[in-house]
Each structure stands twice: as structure tokens, then as C-alpha cells.
Amino acid sequence: MNRRTFLALAALSGAAGTAGLAAGCGSDAEHHLAPPPLDLSTPLRIPPLLHPAPEPDGVRRYELIMFVGQSALLPGKPTTTWGFNGSYLGPTLRASRGDKVAMTVRNALPEASTVHWHGMRLPAAMDGGPHQLIPAGTLWTPAWTVDQPAATTWYHPHPHGATSQHIYRGLAGLFLIDDGEDAELPTAYGTDDVPLIIQDKKLTDAGRLDGDPLKGPFGILGDRILVNGTYNPCFAVTTTRVRLRLLNASNARMYHLAFTDRRRFHLVGTDGGLLTAPVQTDTLDLTPGERAEILVEFAPGDNVVLRTLDHGLDIATGDLDLIRFVAGADLRPAPEPPATLPGPAPIVPPAGARVRHFTLSGRDSINGRPMDMRRIDEVVPVGAVEIWEVENSTGTSHNFHIHEVAFQVLDSAGRPTGGHKDTVFTPAHTTVRLAVRFGPFDDPVEPYMYHCHLLRHEDAGMMGQFVTVAPGTEHTVPRGYAGVGHAH
């Protein structure tokens, strides 16, 4: 972003003002109407790609600005929203394994926020958790070397107690990592390699964001769906096979995805990257924060809708249409799905691996303790592989996200699953066992987080903190936070 663009965005932020931001929703005097039947005819917006060339020093430099704008989430009905480099959502960032990346994140919002690189393997001081707070009117300049397999990751705010508000207003974007190992998969961004950021909203009849993300058991379960910020979306298919990169960026809703004709598709990747082989299925579940990559085959003239189906769960209620796919009469051919994929090997805990147990209770604590930014809950040696048992002792749904790590789900309610992940569904009254591999970043001060990614629960305190340190020093690390408490 050049200086002229930055000044234009800053001016737009100031012009939008802060009116209506106290709750981030519509006035009580406005009505919330049930959505009309959809024809799914609005062309899908594809987020712009931000992939700067390396500069002479070999560093790729990215500039993001968080600011207040106006968006017509419903056609012809503008409302106040927040975004990165635009009025709603943000650009898709792209980098390759081995790249040195440097970010300049400017906060032109009326309040402090953070930017967390969800799914990225990086030092805790660059992670963008609640301790890396960016005060209004300031900037943050994290930098790191990308060192992980190809994956679909994302970025979003993480201020403690306000994450649900900031994401609901529109602050989120994808971050794609390449490693040159997926040449047999579609890679033309926006054509046969298509991002789908799925969010549910409550909107008034005037088109304003409605509902309180911090009330009720789950905050907001909306009845209007946005895909890449597009309401009533349609995608024009031009190839016989399309790679869809799916992100559940909703506050609480779980999506039980299926096509209306129940066509089968291939799952090729999850949170942590590609699988070792495609898996054919006709349904896919995604809870907030989870990602998946799927290959879908189309024939000329196809007209099919991707839906979420009522799953009989508290966070997966109702049948809702998400997006229509319309194929042209002449489609460019695409190769068949490969028989194998270059996904990372399974994570296998060593004999005698440390076992840690986490109980999710109510909607505001883990192991009976609500989040306290001054307390370090766990200390883990760098490079360790441990078993984490996550017990949902409640009668409601939760999920569980761990910063920085990759984990393998050993079993969920007795069912083994494959692929590397960083976020997992934890159904009511079940225990999910994870083989967790920690990174190499030694920092006894700055913590990573683990938490429920249903944002109302995260903000209420269903979150804890851990640091990773040199093996053998675990017992010397203070259990109180001693950092600066803001981005530096």
C-alpha cells in the first residue's frame, strides 16, 4: 500500500466516524425480518490478492490498515462495518514457505485491537494475541520467516473481551501459504482456486448489523449468510474441477455442508495443510475457525447450490443456502484428483508423552478458571509432542483452538480422524484427544493461547495461556505475565 492509498483509507475511516459502533448492531427501534427466498444470483466477490514481490533484502512487505467504512451487506442498504484495506473483510495474503515476511498493521479504528495470524507457526511475540494490543492511531510491525507446509490460514483480531465484536463487524481475511508441493491441484486464484469465507449475520430490515455477540449461550446465530461479504452469492464456474478453500469465520455457527444434489467431492486439506490422500465425501462439518480445502467436479450447464443442513445441534440449526455454482456450456478441462497428496506425516506421541487435561465448563472457564491475562497456565518445552485431552463437561457445543501448534486428532468420541489441525469440534459430554506438536520458539515471557473459538465463550473467559521454553527450564519460568502488554 502506498502513501496515497493509506491517506485515502485513513480519510474514509475518519469520514465514517464512530456512529453506531457502541454495540456494533442496529437500533432497537429497527425490525429484524426473516430473509426472503434467495435466488443466489449476485456475483461472488473475490477478495483482492496481496502478494508483494520480495524487496532487495529478500523480505516480502505487507501493509494492512484496520478502519471504519460503509458496506451494503444488503443491496442498496449501507451500514457501518470494519475492514482491512477496505470497508469489509481484508485482502487475501499470500506467501511461500521460506519467505521472510514483514507486516505493517495500522490501527485507524476508534479503539485498540490486535491481529492474530490464525494457523501460522511463529514466535509468540508475533502471534497477535491479546497481549499484542495495537492502540488506536498506532501501528505494529511483526516479522517472521514462514516455515510450515502449504496451508489455508487466516488473520483476525484477538483483543480479550472484544474479539466477537471486531470479527462480527468485518475484520477477517485469508492468508495462503504455498510450498510448491500442490502442483497437481488447481492454483489459479479466483478462477479454479476459490476462497469462500462463510459468515452468518443478523441484519435489520434497514441492512444494519443486528444482535449482541456477547449475549445468550452463543452470542449470535444469524439467519443471513455472507460468502466473502456477498449476500445471495453465485459463482460462475469455468473449469471442470474447482478447488474451494473454505473458512468458517462465523462467531458461533457450525456448518454442515452439502450440495443440493448430494454430489460427492474430495476433501484434500484441513487447518494444517494438505492430507496425504484425498477423501471422498458428500458432507463436511466446519466449526468457527476451522478451514478445509475441497475439490468439486462440474459438468457443462451444472447449476447447484452449496447449503448448510440442520445437524440437530445447538450451533448447527436450520437449512440455509450458502452459494450457487453455475457452470458454463464450455468448461476448461482440469486434471483428475491425485491419488496421493504431499501432506505431513501423522503426529505420533512418543512413549511416555506428557498428558494434559482441559475441562471446558459452562461458557467462561477452562479447568474451573476463567481467563486471566496475568496468569500463565501451562509451560511446555519447545519441540515437545504431548497428548492434550479436551473434555467438554457441558451439555452444549464447544470447540478448541491452540495457537502456533499443529495437532492430530487421535480420537473424538472414539472416532479417529486424519490431517493436521489447529481447531477441533468438541461435542457436548465428550472428550477429544489430541497429539500436539509444539514449535521451536523459546520465549518464557510472551504466551500463546488455547481457547474455545465460539467467540462469545472466548470473550467470556474460556481461554488459557501457555509459554514454550527450553527443555529443562520449565520449573524456573514465572507463572505470572511479565511482558509489556501491547504490540512492540
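Residues numbered from 1 in each chain as written. Predicted model: local features only at pLDDT ≥ 70, side-chain atom pairs only at ≥ 80, totals over all residues. Heavy atoms only, no water.

Novice: Can you tell me about the sheet that holds strand S24 (residues 320–332), naming the residues and giving the values?
Specialist: If you trace the 6 strands from one edge of the open sheet to the other, you get S1-S16-S24-S23-S18-S21, paired in mixed fashion. Strands at the two margins of the open sheet, each flanked by one partner only, are strand S1 (42–43) and strand S21 (284–286). As judged from the 2 bridges shared by S1 and strand S16 (residues 233–239), these two strands associate in the parallel manner. Paired with Pro43 across the two strands is Cys234, which belongs to S16. (Pairing = 2+ DSSP bridges. Helix = DSSP H or I, 4+ residues; strand = E, 2+ residues; numbered from the N terminus.)

Novice: Could you give an account of the sheet that holds strand S28 (residues 385–392), with specific residues and numbers?
Specialist: In spatial order, the strands read S26-S25-S28-S33-S30-S31; together these 6 strands make up an open sheet with mixed pairing. Edge positions in the sheet fall to strand S26 (365–366) and strand S31 (420–421), since each of these pairs with one other strand and no more. Summarising the sheet, strand S25 (residues 355–361) and S28 pair through 6 bridges and their orientation is parallel. Note that in S28 the partner of Val355 across the bridge is Ile387.

Novice: A description of the pairing of strand S27 (residues 378–381) should follow, citing residues and the corresponding values.
Specialist: Every second residue of S27 is oriented toward a common face, with Glu378 and Val380 on one face and Val379 and Pro381 on the other, all of them buried. Pairing of S27 with strand S35 (residues 463–469) involves 4 bridges; the strand directions are parallel. Pairing of Val379 across the sheet is with Val467, part of S35. (Buried < 20%, exposed > 50% of the residue type's maximum accessible area, 1.4 Å probe, protein only.)

Novice: Kindly report on the environment of Gly485, identifying the contributing residues and their values.
Specialist: Considering the arrangement of structural elements, one finds Gly485 in the segment after S35. Along the chain, Gly485 and Ile376 lie 109 residues apart, while their C-alpha atoms are 14 Å from each other. For Gly485, the residues in contact, after removing those within four places along its chain, are His131 and Leu133. (Contact = heavy atoms within 4.5 Å.)

Novice: Summarise the confidence of the model for the protein; cite the residues concerned and give the values.
Specialist: Reading predicted coordinates in detail is not appropriate for stretches of low pLDDT. Per-residue pLDDT for the protein averages 93, and the proportion of residues at 70 or more is 92%. Confidence drops under pLDDT 50 across residues 3–8; counting only partners more than four residues distant or on other chains, this segment forms 3 contacts. Every residue in residues 10–29 is under pLDDT 50, and counting partners more than four places away or in other chains gives 31 contacts. (pLDDT = per-residue confidence, 0-100.)

Novice: So what about the pattern of salt bridges? Which residues, and what values?
Specialist: Inspection of every chain in the model, using the stated rule, returns 32 salt bridges. In this structure, Glu290 engages Lys421 in a salt bridge whose closest nitrogen and oxygen atoms are separated by 2.8 Å. Taken as a pair, Glu290 in the loop between S21 and strand S22 (291–297) and Lys421 in strand S31 lie far apart in primary sequence, 131 residues in all. For the pair formed by Glu290 and Lys421, the shared burial category is buried. Residue Arg307 is joined to Asp321 by a salt bridge in which the shortest nitrogen-to-oxygen separation is 2.3 Å. Of this pair, Arg307 sits in strand S23 (residues 303–308) while Asp321 sits in strand S24, and the two are 14 residues apart along the sequence. With relative accessibility at 22%, the residue Arg307 sits in the partly exposed group. Each member of the salt-bridge network shares a partner with another, and the members are Arg94, Asp178, Asp182, Asp193, Arg243, Arg245 and Glu293. (Salt bridge = Lys/Arg side-chain N within 4 Å of Asp/Glu carboxyl O.)

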